[in-house]
Every structure is written in C-alpha cells, then in structure tokens.
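Results of the structural survey
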Amino acid sequence: MIEIKHIKKSFGNHQVLKDVSLRVETGDVVVILGPSGSGKTTFLRCINFLEKADAGEIIMKDLAVDCKKARKKEIHEIRMRTSFVFQNYGLFKNMTALQNVMEGLITARNVPKSEAEAKAKEALDYVGLSDYYDYYPSQLSGGQQQRVGIARAVVLDPDVVLMDEPTSALDPELIQETLNIIKKVAERNVTMIIVTHEMSFARDVANHVVFMDGGVIVEEGKPDDIFSHPKEERTKQFLRRILPENAFLTYAQDI
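All values reported here derive from a predicted model rather than from experimental measurement.

Moving on, we get to the layout of surface pockets. A water-sized probe, rolled over the atoms, reveals where empty space remains. Its boundaries defined by the atoms lining it, the largest pocket holds a volume of some 570 Å³. What lines the largest pocket is a set of 21 residues, among which R79, F84, G104, A108 and L156 lie closest to the centre. Contributing elements (two or more residues each) for the lining of the largest pocket: α2 (72-81), β6 (82-85), α3 (97-107) and α5 (142-154). Counting residues per element, the lining of the largest pocket draws most heavily on α3, which supplies four residues. Its residues placed into classes, the lining of the largest pocket shows eight nonpolar, nine polar and four charged. What the second largest pocket holds in volume is close to 490 Å³. Taken together, 23 residues make up the lining of the second largest pocket; nearest its centre are V154, D157, P158, R188 and V190. At the level of secondary structure, the elements contributing two or more residues to the lining of the second largest pocket comprise α4 (113-126) and α5.

Structurally, the position occupied by G142 is in helix α5. In the structure, G142 is positioned 25 residues away from T167 in sequence and 9.2 Å away in space, judged by C-alpha atoms. If sequence neighbours within four positions are ignored, G142 has contacts with Y89, L170 and L174.

For the rest of this paragraph, the subject is the sheet that holds strand β9 (residues 208-213). The strand order β6-β7-β8-β3-β9-β10 describes an open sheet built from six strands, whose pairing is mixed. Taken across any chain shown, the strands that pair with only one partner, and hence form the sheet edges, are β6 and β10 (216-221). Ignoring which end each strand starts from, the neighbouring axes of this sheet average 20° apart. With four bridges connecting them, strand β3 (residues 29-33) and strand β8 (residues 192-195) associate as parallel partners. Following the sheet pairing, V30 is matched in β8 by I193. This element, α5, spans β6 and β7 (160-164) of the sheet and lies at about 180° to β6. Packing of helix α9 (residues 233-242) onto the sheet brings it into contact with β3, β9 and β10, and relative to β9 it is tilted by some 95°.

The rules behind each value
Every residue gets a number counted from 1 within its own chain, in the order that chain's sequence is written. The predicted nature of this model means local features are confined to residues of pLDDT at least 70 and side-chain atom pairs, given and counted, to a pLDDT of 80 or more, with totals for whole chains, interfaces and linings taken over all residues. Neither water nor hydrogens contribute to the side-chain values; these are computed over all heavy atoms in the structure. In this analysis the probe radius is 1.4 Å and the grid spacing 1 Å, with only protein atoms considered; a cavity is a set of points the probe fits into but cannot get out of, a pocket is an open set with protein on both sides within 12 Å along at least five of seven lines, and lining residues have an atom within 4 Å of a point. Grid points are joined across faces, edges and corners, and a volume is the space filled by probe spheres set on the points. Helix and strand definitions here come from DSSP, where helices need a minimum of 4 consecutive H or I residues and strands a minimum of 2 consecutive E residues; each element is numbered from the N-terminal end. Residues are grouped as follows: Ala, Val, Leu, Ile, Met, Phe, Trp, Tyr, Cys and Pro are nonpolar; Asp, Glu, Lys and Arg are charged; every other residue, Gly included, is polar. Two residues qualify as a contact provided that any one of their heavy atoms is within 4.5 Å of a heavy atom in the partner residue. Criterion used throughout: strands pair if DSSP finds at least two bridges between them. Geometry is summarised by axes, namely lines fitted to C-alpha atoms with helices restricted to the contacting stretch, and by angles between N-to-C directions that run from 0 to 180 degrees.

Pasting the structure below:
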C-alpha cells in the first residue's frame with residue numbers, strides 16, 4: 001500500500017499541486033488522466049522525489065516521510081521502493097539493453113553481477129527483447145527502448161511502478177505494442193500508477209481512475225464510473241473533448 005497525503009508543489013508563484021491525496025492498494029493499477037498542465041506528471045515525480053514537494057506526506061507500509069523535511073536516507077528508501085518509467089525512455093546511451101536493466105540491480109540493490117545479469121535477461125525476455133541484449137539505445141526503435149525502460153523498472157521488484165506518459169514519445173504504430181507490454185505487467189499483480197492520455201488503455205488496464213485538473217483531483221473511481229457515469233461537470237467536459245462521440249453515449253443523459 002502507498003498513501004500520498006496533501007501534496008502541494010509550486011514553481012515560483014505558480015502552484016501546480018494544490019492539495020492532492022491518493023491511496024493505492026497493493027496490486028492496484030491506478031491511471032491518472034487530465035489535460036495538459038493539470039499537475040499529473042508533477043504529482044508522479046513528487047512521489048519518488050524527482051521533484052520535492054513543498055508539503056505533504058508519503059506512507060509506504062512501515063515508512064512515513066514528511067515531503068518537506070525528508071532526509072537523504074528517507075528519500076533513498078522511497079526510491080528503493082519505487083521505480084520510474086519515463087516519457088523519453090531515460091536509458092543510458094553508452095550501455096546496452098542488458099546493461100541498462102542490470103545497472104539498478106547492481107548499483108542500487110547490490111545484487112552480484114552474475115545474478116543481476118540473469119534477472120535482467122529474464123526481464124528483457126518478458127518484454128519480448130530476448131534477441132536484443134547487446135543492442136545500444138541508438139540501435140533500437142522507440143518502442144523497443146520503452147520496453148527496455150519497463151524491464152528496468154520491473155526487474156527491481158518495487159512496491160510501486162510509476163509510469164509517466166509511457167507512449168507519448170512513440171510513433172503511432174509503436175504505441176499498441178508498448179501498451180500490450182504494460183497490460184502484461186499489470187497481469188502480474190504489479191502495483192502501478194500511470195499517467196496516460198490513452199483512454200481505451202486506461203479503461204482496459206486500470207481498476208481505479210483519477211481525473212486531475214488545475215492541480216487537484218476532480219474525480220476518482222472505478223473505470224466504468226469515470227468513463228460511463230462521471231459526476232463532475234469538468235470530467236464530463238474533458239471526456240466529451242477526448243473520446244469519440246459514440247464512446248460517451250452511455251452517459252449522454254448525464255451530460
């Protein structure tokens with residue numbers, strides 16, 4: 001379980017996150033939706049201290065961290081319990097796919113090299129890259145690079161995997177293969193928080209959907225509740241613009 005309480009974050013005079021709280025149970029796949037600038041990515045980055053929140057608390061099992069007062073040791077512990085899949089892959093360009101996946105095991109987990117190599121190969125096999133161990137990022141397609149990123153995140157066996165728009169940098173024909181891999185990971189009961197703009201994917205893979213706008217959570221609930229029976233007018237407006245017309249006919253009377 002991870003619980004994020006009352007997160008606030010400003011950049012200069014602009015308050016990006018106004019008071020955001022979220023509880024994620026073990027095995028949950030939470031998808032965060034919202035327009036550009038709503039605070040989704042900032043919220044995700046605050047969870048593992050890629051951005052340091054101005055206020056709030058993060059609770060993971062027996063660990064409770066005050067975001068504003070967090071010490072290096074506490075930040076390290078949070079990062080040991082989480083992993084991050086970036087929009088732009090975030091791979092080390094001078095390392096092969098295998099080395100990229102091994103790196104976190106060796107440097108952060110102190111796993112012996114031989115064991116790390118075996119685990120990394122297993123993870124790459126799982127995402128369909130068994131023939132690409134020795135390929136460098138420049139030799140891989142965007143979809144393949146993102147699959148390396150997913151393998152790198154999952155191999156650490158974290159309490160929660162954080163994914164920030166994992167398909168946003170991909171060409172359209174590569175998006176579905178990456179989404180299929182994420183669905184495959186979700187079937188392993190891996191706890192995930194995913195920021196995405198892929199509506200059909202969100203509905204298929206999530207068991208909890210969050211809609212953010214203006215730095216706050218406007219509405220959250222089960223996928224069918226959010227997509228078919230949204231309660232908040234702002235959620236309805238967003239879905240009306242994003243979804244094909246026939247996708248929201250089921251709740252047209254509510255709109």
